[in-house]
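Observations on chain architecture
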Amino acid sequence: MPVSYQHLFLGYEIRDIATHESGVGEWPHLQAITIYIENGHDQDLTVTIRGNKEKTTMGSVELVSAFTVSAGTSTSYTLTPETTGWLPYVYVTAKAATAPTTGEINVTVITIEKEA
């Protein structure tokens, strides 16, 4: 089965303590998806995973409560309609408590495409 990748953040540098919103990705076919987060910054990041009924961040809802991704580490979350509910669009927010001086964040949505 073919694997699909959508980059929500790709080489994105955070240099302040504001909340940053990624691009919006699609959650197709009522299937499980994995969100893979790489924090290459020199500071921890607080991340949330959000969803929406439309391809926008306006009016979105939280699918996964805020969690910390430590500096220089990676983590992943698998979302399923049974555990998080389902919305057709997803994105993440990332925020640092202390402004990073180096590094970047990468966030990728990984799905397995259904065979026709």
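Residues numbered from 1 in each chain as written. Predicted model: local features only at pLDDT ≥ 70, side-chain atom pairs only at ≥ 80, totals over all residues. Heavy atoms only, no water.

1. Some thoughts on the pairing of strand β4 (residues 33-39)
Here β4 shows a clear split, with Ile33, Ile35, Ile37 and Asn39 buried on one side and none of Thr34, Tyr36 and Glu38 buried on the other. Where β4 meets strand β7 (residues 73-79), 7 bridges bridge the pair, whose relative direction is antiparallel. Residue pairing in the sheet places Tyr36 in a bridge with Ser76 of β7. Summarising the sheet, β4 and strand β9 (residues 105-112) pair through 6 bridges and their orientation is antiparallel. Each residue of the ladder has a partner; that of Ile35, found in β9, is Val109. (Buried < 20%, exposed > 50% of the residue type's maximum accessible area, 1.4 Å probe, protein only. Helix = DSSP H or I, 4+ residues; strand = E, 2+ residues; numbered from the N terminus. Pairing = 2+ DSSP bridges.)

2. Examining the packing of aromatic side chains
Overall, the coordinates contain 2 aromatic pairs when judged by the stated rule. Residues Phe67 and Tyr77 carry aromatic rings whose centres are separated by 4.3 Å and whose planes lie at 35 degrees to one another, so their mutual orientation is tilted. Of the two residues, Phe67 is situated in strand β6 (residues 61-69) and Tyr77 in strand β7; the sequence distance between them amounts to 10 residues. (Phe/Tyr/Trp six-rings, centres within 6.5 Å; stacked < 30°, edge-to-face > 60°.)

3. What about the sheet that holds β7?
Spatially, 4 strands are ordered β1-β9-β4-β7 in an open sheet, and the strand pairing comes out antiparallel. Edge strands, defined here as strands with exactly one partner in the open sheet, are β1 (3-12) and β7. The mean angle between the axes of side-by-side strands here comes to 15 degrees, regardless of whether they run parallel or antiparallel. (Axes fitted to C-alpha atoms, helices over the stretch in contact; angles between N-to-C directions.)

4. Overview of the pattern of salt bridges
All chains considered together, the criterion is met by 2 salt bridges. Here Glu13 ties to Arg15 by a salt bridge, and the two come within 3.7 Å at their closest N and O atoms. With a relative accessible area of 48%, Glu13 lands in the partly exposed category. Taking the shortest distance from any N to any O, the salt bridge between Lys53 and Glu54 comes out at 3.4 Å. By relative accessible area, which is 61% here, Lys53 ends up exposed. (Salt bridge = Lys/Arg side-chain N within 4 Å of Asp/Glu carboxyl O.)

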